[in-house]
Amino acid sequence: MPVETHELSCDVLVAGGGPAGVPCAIAAARSGASVVLCQDRSVLGGNASSEVRMHIVGANGTGSFDRGEALRTEAREGGIIEEIRLEAAVRNPQRSPSMFDLILYEKCRAEPNLTLLLNTTVTGVETEPGNDRRVTHALAQRQSTEDQFRIEAQVFVDCTGDGRLGVEAGAPLMRGRESCEAFGESLAGDSADAFQLGSTILVMARKHPQPMPFAAPAWVRTFTTDDLRLRLYATPGEEEPTHEYGYWWAEWGGTLDTIKANETIRDELLAISLGVWNHIKNGPPGTPADADPFEAACWALDWIGFLPGKRESRRFIGQHILTQDDVEKSRTFRDAIAYGGWSLDLHPPEGVDVPDQPPCQQHDVPHLYDIPLRCCVSRDIENLMFAGRNISATHVAFSSTRVMATCAVVGQGVGTAAAMAATRGIKPCELVTQDDIMEAITQRLLDDDAFLIGRIDRRCRDLATAARVTASSAQPGAEADQILSGQTRSVHGQRGVPAGRSYPGLHRWMSDPAAGLPAWIKLDWECPTRVQEIQLIFDTGLHRHLTLSHHDGYTSQMVWGRPQPETVRDYLIEGLKGQDWVPLVAVAANYQRRRRHEIDADQCFRAIRITVTQTNGLDHARICGISVR
């Protein structure tokens, strides 16, 4: 049967369904754009999927670079990636990789404006006749069904990691490591080269009640104790030597072309990962047959990755190139759409081939920092955008922005901007030149619970700002009117936001524990007011780690398998009509941070009251923000 060609049309085409692509597509769809998301694999999630199984980390750091303090430094990413993490924490207590795939799939399927094409690879583009600066169509193939697609769009977003869409469009790009002189970066080398961060294949193991032998294939690598002295035996942060999950440091391939040599890299990574496992199970060379130096006799491999977790390949050149200085100084960008905070995390490209070098050198990033939209808009292709590990950044700056939670918030920012451009008929390359559009993008992101450093939700359409806010009780500094501060987290603490850009305070209402529950907060208007929508932002403990991880030690630092204890569980929303309180919304078993409720548009109220009857653990109610429209 011949290959069938399908003509599709949308506002925004997103290529790549990883940690950047999924939030990008969802954000664009929720912003009113019609979206097609092409993912070349059968599952979503990229390096976080069941095919690779790396945990999603971000601005709150890890190990010696942890960034988090309750009610002071809440660095964990909000918005769509927080929604996904909270969903996984409650619905995936068993920490199943495939269950995480399903959650991502469900999130995409739930959006009526989003068409998901799995197993579909973007292979080419068409440009406007006589204008190779504007892409008109993406060409994609799905080999599993012998179909190909010609997809027309207003805006094209490359979230593929390797940058396939952008390369086909002829977008300028960078690869390798720049010299220290190129961008004035102290962490860069004296001369430029083509080397990149390497890749890793992860493995998982399970303990059994009886000894489980392991016979290593003849082609695995042999490692001595000395070879691994800076790796297996090191204990950075929470990642102490363990058998159930490993090993991020089993890295290799950075001296090769991480795209063209990916099959060679996979084969060598299998030899490396299984060689490390052989070292653990059977001991270093010379270990007696009956010895068990790592107490691994009853452990057996349960899963071996065959898809390398790739750290680096192409980086596009955008309207701005993010640098070490931008990151370390937390430079202010008026077009910021996201933020980062992971360390400048440089790895030797040779990986395990250089046993005398540590597997990474992490340089502290003092504060959270801006990521501007200009890093996500192509310099030369007027309607091409990008999000993920291919954004416009030097190798050094990229070593911080590349982590998946940061990719996710960039993806949400880009998806929101892409939808704004497409639905308003604006070229993406012109977005940053229009202050009113940038302000609209900013306010939409803030409304969707994204955090932007130093930016306050102005809520120009928010009826809550015209109300008198009172509560049944409150703690000092957490009075009822804090829900109108325009910021829904605290970031003024150590290693949070720079002092000149922070708004100190709790930025939430917290009821008095002595008064107990139920507790209520009320918005009163002078005249009856038509209410169509009420949005609540709850506290979800953004100072803590929260991510699906297969590492037991890391997971032990989280609240996993249940809702976050700070979060309101059961609540009632009522409207005051005349002298009577009318029930509008009743919610039980909530675990999400952001809840939006539509109200019958024909009703007017003198007041709205939210009564919290139970939380998921705390003895008092917390609400970080209330919006009324």
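Note: the structure precedes this text.
Predicted model only: the values in this text are computed from it and were never measured.

## Examining the overall build of the protein chain
Item 1. In terms of helices and strands, the protein chain carries eleven helices and 30 strands.
Item 2. Since a compact globule built from 629 residues should have a radius of gyration of about 25 Å, the 25 Å found for the protein chain is in line with a globular shape.
Item 3. By principal-axis analysis of the C-alpha atoms, the protein chain measures approximately 85 × 65 × 55 Å.
Item 4. Taken across its 629 residues, the protein chain has 60% of its residues classed as buried.
Item 5. Taking all contacts inside the protein chain whose residues are at least 6 apart in sequence as the whole, residues at least 24 apart take part in 77%.
Item 6. For the protein chain, the exposed area adds up to about 23500 Å²; of that, 49% sits on carbon and sulfur atoms.
Item 7. A gap of 3 Å separates the mean positions of the 63 positive and 82 negative side-chain charges of the protein chain.

## A look at the environment of Asn 616
Item 1. Relative to the helices and strands, Asn 616 resides in the loop between β29 (604–615) and β30 (622–628).
Item 2. Ignoring any residue separated from it by four or fewer positions in sequence, one finds Asn 616 in contact with Pro 563, Gln 564, Pro 565, Thr 567, Val 568, Arg 569, Asn 590 and Tyr 591.
Item 3. Of the polar contacts made by the side chain of Asn 616, one reaches the backbone oxygen of Asn 590; its length is 3.0 Å.

## Structural notes on the packing of aromatic side chains
Item 1. All told, the structure shown has four aromatic pairs when counted by the stated rule.
Item 2. Each ring, one from Tyr 339 and one from Phe 451, has its centre 5.4 Å from the other, and the planes form 85°; the classification is edge-to-face. Separated by 112 residues along the polypeptide, Tyr 339 in strand β17 (residues 336–340) and Phe 451 in the loop between α10 (435–447) and β22 (468–471) bring together distant segments of the chain.
Item 3. Under the relative-accessibility criterion, Phe 451 is labelled buried at 7%.
Item 4. For the cation-ring pair, Arg 53 lies above Trp 303, with the distance from its terminal atom to the ring centre recorded as 4.0 Å.

## Things to note about the sheet that holds strand β6 (residues 131–142)
Within a beta sheet, neighbouring strands are joined by backbone hydrogen bonds and run either parallel or antiparallel to one another.
Item 1. What the four strands build is an open sheet, ordered β1-β7-β6-β5; its pairing is mixed. Each edge of the open sheet carries a strand with a single partner, namely β1 (4–9) and β5 (121–128). For this sheet, the mean angle separating the axes of adjacent strands, direction not counted, is 25°.

## Concerning the layout of surface pockets
Item 1. In this structure, the second largest pocket occupies an estimated 320 Å³ of space.
Item 2. Forming the boundary of the second largest pocket are 17 residues, of which Arg 177, Leu 187, Leu 346, His 347 and Pro 349 lie nearest the centre.

## Considerations on the environment of Gly 351
Item 1. Residue position: Gly 351 is located in the loop between β18 (344–346) and β19 (361–363).
Item 2. A relative accessible area of 3% places Gly 351 in the buried class.
Item 3. Along the sequence, Gly 351 and Glu 251 sit 100 residues apart, while their C-alpha atoms lie 4.7 Å from each other.

## Brief notes about the pairing of β30
Item 1. Summarising burial for β30: seven of the seven residues are buried, a large majority.
Item 2. As paired elements, strand β25 (residues 533–538) and β30 share five bridges and run antiparallel to each other. In the sheet register, Leu 536 faces β30, and the bridge partner there is Ile 626.

## A closer look at the pairing of β5
Item 1. With seven bridges connecting them, β5 and β6 associate as antiparallel partners. Pairing of Glu 126 across the sheet is with His 137, part of β6.
Item 2. In sequence, β5 turns back onto β6 through a hairpin of two residues, with Gly 130 there showing a positive phi of about 80°.

## What about α10?
Item 1. Taking 1.5 Å of rise per residue, 13 residues should cover 18 Å, and α10 covers 18 Å from first to last C-alpha, within 8% of that figure.
Item 2. Burial analysis of α10 places ten of its 13 residues in the buried class, which makes it a mostly covered element.
Item 3. Along α10, the positions that sit buried rather than exposed are Ile 437, Met 438, Glu 439, Ala 440, Ile 441, Thr 442, Gln 443, Leu 445, Leu 446 and Asp 447.
Item 4. Buried positions along α10 lie against β17, α9 (404–424), β25, β28 (594–598) and β30.
Item 5. Phi turns positive, to about 70°, at Asp 449, one or two residues after α10.

Basis of the calculations
- Within every chain, residues take consecutive numbers counted from 1 along the sequence as written.
- Residues qualify for local features only when their pLDDT is at least 70, as the model is predicted, and side-chain atom pairs are given and counted only at 80 or more; totals for whole chains, interfaces and linings, by contrast, use all residues.
- No hydrogens and no water enter the side-chain calculation; it runs on all heavy atoms of the structure.
- What counts as a helix is a DSSP run of H or I of at least four residues, what counts as a strand is a run of E of at least two, and both are numbered from the N terminus.
- Only the C-alpha atoms count toward the radius of gyration. The rule for a globule is 2.2 Å times the residue count to the power 0.38.
- Using a 1.4 Å probe on the protein chains alone, a residue whose accessible area is under 20% of its type maximum counts as buried, one over 50% counts as exposed, and one in between counts as partly exposed.
- Should any heavy atoms of two residues lie within 4.5 Å, those residues are considered in contact.
- All accessible-area figures derive from a Shrake-Rupley calculation using a 1.4 Å probe, and residue coverage is judged against the displayed protein chains alone.
- In this count, Lys and Arg are taken as positive residues and Asp and Glu as negative ones, while His and the chain termini are left out.
- Where a charge lies is defined by one atom per residue type: Lys uses NZ, Arg uses CZ, Asp uses CG and Glu uses CD.
- Any N or O atom pair separated by 3.5 Å or less is treated as a polar contact, with the protein-specific requirement of one donor-capable and one acceptor-capable atom, and with residues adjacent in sequence counted only for side-chain atom pairs.
- Between rings of Phe, Tyr and Trp, where Trp is taken as its six-membered ring, a pair exists when centres lie within 6.5 Å; planes separated by under 30 degrees are stacked, by over 60 edge-to-face, and by other angles tilted.
- Working rule: Lys NZ or Arg CZ, within 6 Å of ring centre, within 35 degrees of ring normal, means a charge sits over the ring.
- The criterion for strand pairing is that DSSP finds at least two bridges linking the strands in question.
- Fitting a line to C-alpha atoms yields each axis, with helices limited to the stretch in contact; the angle taken between N-to-C directions then spans 0 to 180 degrees.
- A pocket here means an open set of points on a 1 Å grid, computed over the protein atoms alone, that has protein on both sides within 12 Å along at least five of seven lines. A cavity is instead a set of points where a 1.4 Å probe fits but cannot get out; residues with an atom within 4 Å of a point line either one.
- Grid points are joined across faces, edges and corners, and a volume is the space filled by probe spheres set on the points.
- Working rule for helices: expected span equals 1.5 Å times residues minus one.

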